[in-house]
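Structural features, examined
Okay, here's what each chain looks like letter by letter:
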Amino acid sequence: MRREDLADADCGIAQALGVLGDWWTFLIVRDVAGGTTRFDGLQRELGVSRRALTERLGALVEHGVLERRPYSRHPPRYDYLLTAKGEGLLPVLIALQDWGTRHLMGDGELTATADAGSAEARRARDLIGRRLPEAVLPGVDGQPVSVAAMGAWSVLYLFPGAYAPGTQGYPPAWSEIPGARGCTLESATYAKRHPDFQAAGVRVYGISTQRPDQLADFSAYAGLPFPLLSDQDGRLAAGLLLPVFRAGGMTRFKRLTLLVDPQAVVRAVQFPVTDPAGSVEEMLTLVREHAGIPG
């Protein structure tokens, strides 16, 4: 079957493959979501020829997945940015990552954590030195927060899911998923030690893929003195290729914590997190080491 025949087939999958017909195209979308938006940067990251990259970028712009935004007039140069149509592909990227990690690099078992020596853990550690993508996440009040524009040392702890009692929450067999339990304990420990993070001039944010209203209920129940943010659309997950798993019909973060400097550059990573409460004490030590705050 020719590609043009496939693209015209009466099937959403086939039509999508008519636009995203080869693996280079997926990798371009992946890297643009991660903040590599200029031609030379994409070529350097992907190792693809200039001609092949030009063709694929042109096709993605033509199909409305990317838009070009000029950053230089002489000579003409452009940033390639995801459109709303392009952002609709983020869940696809996250699903591909989860499937590949679980079934190709792993043993197929459902888990909310990872081995310290795994490829997933190495990828998480490789985030050190990486700048956060321009992801804007809603808070519990629905107000947007740009994670790349916080302007201060920040701790971002990513957790699988936490719910207030009496609300629709944890999926069946949640406690049987390795690494899933401990979100309430982790959040409560961050709340307890929040004055110490404040004294160090460091902000704390909890991030989950839950809806803002679910996070609002949990925050009120737990009495959290810091913001919770929702990555329900996968902007941060796709931008950093963060470790995820699926449970209860939704994609969830594996427990991971980032220490980010005022320029939005990751300076320390905790993953896997096997001791939710102990990781808070460890992060406070990392804060004092990296931010130059006396203990």
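See the structure shown above.
Small disclaimer: the values here were computed from a predicted structure and weren't measured.

Now for the sheet that holds strand β6 (residues 203-208). Sheets are built from strands paired through backbone hydrogen bonds, the pairs being either parallel or antiparallel. In space, the five strands of this open sheet follow the order β7-β6-β5-β10-β11, with mixed pairing throughout. Of all strands in the sheet, those bounded by a partner on one side alone are β7 (228-230) and β11 (266-270). Neighbouring strand axes in the sheet, compared pairwise and without regard to direction, differ in orientation by 25 degrees on average. As paired strands, strand β10 (residues 256-260) and β11 are joined by four bridges and run antiparallel to one another. Counterpart to Val 260 in the pairing with β11 is Val 266. Strands β6 and β7 of the sheet are contacted by helix α11 (residues 212-222), whose axis makes an angle of about 165 degrees with β7.

Moving on, we get to the packing of helix α9 (residues 183-192) against helix α13 (residues 276-290). Running from N to C, α9 and α13 point in directions that differ by 35 degrees, and their axes come no closer than 8 Å. Regarding α9 and α13, the two cross each other, and that crossing is right-handed. From α9, Leu 185, Glu 186, Thr 189 and Tyr 190 reach across to α13, where they touch Pro 276, Ala 277, Ser 279, Val 280, Glu 281 and Met 283. Class assignment for the residues of the contact of α9 with α13 results in six nonpolar, two polar and two charged.

Our next topic: the environment of Tyr 205. Among the secondary structure elements, Tyr 205 is positioned in strand β6. Linking Tyr 205 and Leu 229, residues 24 residues apart in sequence, is a C-alpha distance of 7.1 Å. The contact partners of Tyr 205, leaving out residues within four places of it in the chain, are Met 150, Ser 154, Val 155, Leu 156, Tyr 157, Pro 227 and Leu 229.

Of all hydrophobic cores here, the largest spans 52 residues; its most connected members are Leu 132, Leu 156 and Leu 258. Residue contributions to this core peak at five residues, all from helix α3 (residues 23-33). Beyond its immediate chain neighbours, meaning those up to four positions away, Leu 258 contacts Leu 127, Leu 132, Ser 154, Val 155, Leu 156, Leu 240, Val 266, Ala 268, Val 269 and Met 283. Formed by 24 residues, the second largest nonpolar core is a distinct cluster that contains Trp 153, Ala 162, Phe 197 and Val 204.

Let's shift gears to the pattern of salt bridges. Going through the model one piece at a time under the given rule, you end up with 15 salt bridges. The salt bridge partner of Arg 235 is Glu 87, with a shortest N-O separation of 2.9 Å. One end of the pair, Arg 235, is in helix α12 (residues 235-240); the other, Glu 87, is in helix α6 (residues 84-87), and 148 residues separate them in sequence. For Glu 87, a relative accessible area of 29% puts it in the partly exposed group. Its salt-bridge partner being Lys 254, residue Glu 120 comes within 2.9 Å of it at the nearest N-O pair.

Reading guide: rules and limits
Residues numbered from 1 in each chain as written. Predicted model: local features only at pLDDT ≥ 70, side-chain atom pairs only at ≥ 80, totals over all residues. Heavy atoms only, no water. Pairing = 2+ DSSP bridges. Helix = DSSP H or I, 4+ residues; strand = E, 2+ residues; numbered from the N terminus. Axes fitted to C-alpha atoms, helices over the stretch in contact; angles between N-to-C directions. Contact = heavy atoms within 4.5 Å. Left-handed = near helix turned anticlockwise from the far one by under 90°. Nonpolar A, V, L, I, M, F, W, Y, C, P; charged D, E, K, R; others polar. Core = buried A, V, L, I, M, F, W, Y, C linked by side-chain atoms within 4.5 Å. Buried < 20%, exposed > 50% of the residue type's maximum accessible area, 1.4 Å probe, protein only. Salt bridge = Lys/Arg side-chain N within 4 Å of Asp/Glu carboxyl O.

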